[in-house]
Amino acid sequence: MKNQKSSGTCWSFSTISFIESEIIRIKDIKDPEKYPDLSEFFVVSHSYSERADKYVMLDGALAFRVGSQAEDVLHVVRDWGIVPNVEMTGMNYGTDLPKQAELDAVLKAYMDAVVKNPNKTLTTAWKRGLDAILREYFGAYPEKFTVDGVEYTPESYRDALGFNPDDYITITSFTHHPFYTWFPLEVCDNWRWDEYYNVPIDEMMEILDHALENGYTVCWGADVSEPGFTRDGLAILADVELTNAGSDQAHWVGYGEAKDSVKKPKNGSKTNNVVEKEVSQEQRQIEFENKTMTDDHGMHIFGTAEDQWGAKYYLVKNSWGETGKYDGIWYASEKFVKAQTLDIMIHKSALPEGFFEKHPNAKR
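Predicted model only: the values in this text are computed from it and were never measured. (Residues numbered from 1 in each chain as written. Predicted model: local features only at pLDDT ≥ 70, side-chain atom pairs only at ≥ 80, totals over all residues. Heavy atoms only, no water.)

## A look at the confidence of the model for the protein chain
Heads up, the rule is: By definition, pLDDT measures how confident the predictor is in each residue, and it falls between 0 and 100. Any pair of residues with heavy atoms lying within 4.5 Å of one another is described as a contacting pair.
Mean pLDDT over the protein chain works out to 90, with 91% of the residues at or above the 70 mark. Taken as a whole, residues 244-270 scores under 50 in pLDDT and shows 44 contacts with residues more than four places along the chain or in a different chain.

Given below as structure tokens:
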């Protein structure tokens, strides 16, 4: 199970997990011993370096921080390739797992000093200085390496794995732009200003389900600030005000089950004492615009499940290590996913049949 530990690199961990699953599917790899294990920090380091260029050109009017989006990973893989994790673990600063508060502070302070431009003319040294910081914390980019007796570069390894970044599409669902058009999602982490294809929320859920039902997995960007996203493996769209009186949070987190917990819950949620909110396109838009729906976390959806009452849940691979009740797997209710999804990334062949005929604007 992947573990981003003390770093804000969920966007890289979740997307690399998704890419690894895609490679397994594309190459039809049966032996788990042959499953790819790719470097998240090869991507993170390149992303930092490229974001620094944009940060300088925009005089600091850009979010220079650790967060990013799944599309960012595709840019790096497209432009720079990819390497096995063993070739660049990113752990070049004395810890076994990521612990990046120092690095994040150093990079931000360095870049803010550069943007102030005290000489009134940028030097030719600032970018070399930044890349030296990245190299000392994350390690050097491998130029050549050997896998199963074959020598590769990052670019040739990407190609040998059969992964083509141009084969993927990112879907979103908001009403401040017309449906069936592309637009750059207005969140700070979308620093490259990538455009996503906009569809109604019910259609986005149909796309998600179609992909999962046909053997694909999905890269998921979501808001997990809701109290129903527990630290114990559940994500439920809890309506705290309507949930039964008493220790509400204890009920939906799973502490101290009520005596009648075996009864079927009226709303179909897994936890008897939880009432889930209703979900609508309009409410999603209100929460996006009033900033209660935020761009928090990237994860990897790989399947569905039902509870004992037939309620639907999505199986989600997190990047917090083997934590929680289900060893790093989260069960997200259908309402939670419908309400809290900012975007999903899938292979274009996972789209429903006739999608591009119905949506000619989606072709790129």
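## Section: the side chain of Ser47
Put simply, the rule reads: Only DSSP runs of H or I covering at least 4 residues are called helices, and only runs of E covering at least 2 are called strands; the numbering of each starts at the N terminus.
If you trace the backbone, Ser47 turns up in helix 2 (residues 40-57). The residues touching Ser47, leaving out its near neighbours within four places in the chain, are Trp11, Ser68, Asp72, Val76 and Trp191.

## Regarding the environment of Ala140
Turning to its location among the elements, Ala140 is positioned in the loop between helix 5 (126-138) and strand 1 (145-147). Between the C-alpha atoms of Ala140 and Ser225, which are 85 residues apart in sequence, the distance is 35 Å. In contact with Ala140, other than residues within four places in its own chain, are Met88 and Arg135.

## Some thoughts on the sheet that holds strand 8 (residues 297-306)
The following threshold applies: Strand pairing is assigned whenever DSSP identifies at least 2 bridges connecting the two strands. Axis geometry follows a simple rule: fit a line to the C-alpha atoms, using only the stretch in contact for helices, then measure angles between N-to-C directions, giving values from 0 to 180 degrees.
Ordered by their spatial adjacency, nine strands build an open sheet running 4-5-3-11-6-8-9-10-7, and the pairing between neighbours is mixed. Of all strands in the sheet, those with a lone pairing partner are strand 4 (182-184) and strand 7 (234-235), marking the two edges. In terms of strand pairing, strand 8 meets strand 9 (residues 312-317) through six bridges, oriented antiparallel. Residue pairing in the sheet places Thr304 in a bridge with Tyr314 of strand 9. Together, strand 3 (168-172), strand 5 (195-198), strand 6 (218-222) and strand 11 (341-347) form the strand contacts of helix 3 (residues 70-80), whose direction differs from that of strand 11 by roughly 35°.

## Describing helix 2
For clarity, the threshold we go by: Each residue after the first adds 1.5 Å to the expected span of a helix. In this scheme, a residue with accessible area under 20% of its type's maximum is buried, one over 50% is exposed, and one in between is partly exposed, where area comes from a 1.4 Å probe on protein chains only. Polar contact is the term for a pair of N or O atoms within 3.5 Å; when the atoms are in protein, one must be able to donate a hydrogen and the other to accept it, and sequence-neighboring residues count only if both atoms are side-chain atoms.
Between its first and last C-alpha, helix 2 extends 26 Å over 18 residues, near the 26 Å set by a 1.5 Å rise per residue. Counted residue by residue, helix 2 has 16 buried out of 18 residues, so it is predominantly covered. Measuring from the backbone nitrogen of Phe41 back to the side-chain oxygen at the start of helix 2 gives 3.4 Å, which picks out Ser39 as the cap. A positive backbone phi angle near 55° is found at Asp59, which sits one or two residues after helix 2.

## A few points about the packing of helix 2 against helix 5
This is how it is decided: Working definition: roughly parallel below 35 degrees, roughly antiparallel above 145 degrees, roughly perpendicular at 65 to 115 degrees, and oblique for all remaining angles. A crossing counts as left-handed when the near helix is turned anticlockwise from the far one by less than a right angle, and as right-handed when that turn is clockwise. We call Asp, Glu, Lys and Arg charged. Ala, Val, Leu, Ile, Met, Phe, Trp, Tyr, Cys and Pro are nonpolar, and the rest, Gly among them, are polar.
At a minimum axis separation of 11 Å, helix 2 and helix 5 run at an interaxial angle of 160°. The pairing of helix 2 with helix 5 is recorded here as roughly antiparallel in orientation. The handedness of the crossing between helix 2 and helix 5 is right-handed. Mapping the contact onto sequence places Phe41, Val44, Ser45, Tyr48, Ser49, Ala52, Asp53 and Val56 in helix 2 and Trp126, Lys127, Leu130, Asp131, Leu134 and Phe138 in helix 5. In terms of residue class, the contact of helix 2 with helix 5 is built from nine nonpolar, two polar and three charged.

## Notes on the packing of helix 4 (residues 101-116) against helix 5
Relative orientation of the contacting elements helix 4 and helix 5 amounts to 180°, with a least axis distance of 11 Å. In terms of orientation, helix 4 lies roughly antiparallel with respect to helix 5. Touching Glu102, Leu103, Val106, Leu107, Tyr110, Met111 and Val114 of helix 4 are Trp126, Gly129, Leu130, Ile133, Leu134, Tyr137 and Phe138, all from helix 5. Among the residues forming the contact of helix 4 with helix 5, the class breakdown is 12 nonpolar, one polar and one charged.

## Looking at the environment of Asp239
As for its position among the elements, Asp239 is in the loop between strand 7 and helix 8 (248-253). Residue classification places Asp239 among the buried positions, given a relative accessible area of 15%. When the C-alpha atoms of Asp239 and Thr172 are compared, they prove to be 24 Å apart, with 67 residues separating the residues in sequence. With sequence-adjacent residues up to four places away left out, Asp239 is seen in contact with Val275, Glu276 and Lys277.

## So, the pairing of strand 6
For strand 6, the tally of buried residues reaches five of five residues, placing the bulk of the element in the interior. Bridging between strand 6 and strand 8 involves five bridges; their strand directions are antiparallel. The residue bridging Val218 from the neighbouring strand is Ile301, located in strand 8. Of the pairings in the sheet, the one linking strand 6 to strand 11 comprises four bridges and is antiparallel in character. In the strand pairing of strand 11, Trp220 is matched with Ile344.

## Notes on the packing of aromatic side chains
To be explicit about the condition: The rule is short: rings of Phe, Tyr and Trp, with Trp giving its six-membered ring, pair when the centres are within 6.5 Å, and they are stacked under 30 degrees, edge-to-face over 60, tilted in between. The criterion for a charge sitting over a ring is simple: Lys NZ or Arg CZ within 6 Å of the ring centre, and within 35 degrees of the ring normal.
Applying the stated criterion across every chain, the model contains 23 aromatic pairs. By way of ring pairs, the aromatic residues Phe13, Phe41, Tyr48, Tyr55, Phe64 and Phe138 are connected into one cluster. Lying across the ring of Phe174, Arg284 places its NZ or CZ 4.8 Å from the centre. The lysine or arginine in question, Arg364, covers the ring of Trp182, its NZ or CZ lying 4.0 Å from the ring centre.

## Things to note about the pattern of salt bridges
Note the cut-off: Any Lys or Arg side-chain nitrogen located within 4 Å of an Asp or Glu carboxyl oxygen qualifies as a salt bridge.
This model, assessed by the stated rule, comprises 18 salt bridges. A salt bridge links Arg65 to Asp189, with the nearest nitrogen and oxygen atoms 3.3 Å apart. Pair noted here: Arg65 is in the loop between helix 2 and helix 3 and Asp189 is in the loop between strand 4 and strand 5, with a separation of 124 residues, a long-range link. According to the relative accessible area criterion, Asp189 is buried, its value standing at 10%. Note that Glu203 and Lys358 form a salt bridge whose closest N and O atoms lie 3.9 Å from each other. Note that Glu203 is positioned in helix 7 (residues 201-213) and Lys358 in helix 11 (residues 355-358), a separation of 155 residues in sequence. Judged by its relative accessible area of 12%, Glu203 is buried. Sharing partners across several salt bridges, the network here consists of Lys2, Glu20, Asp37 and Glu40.

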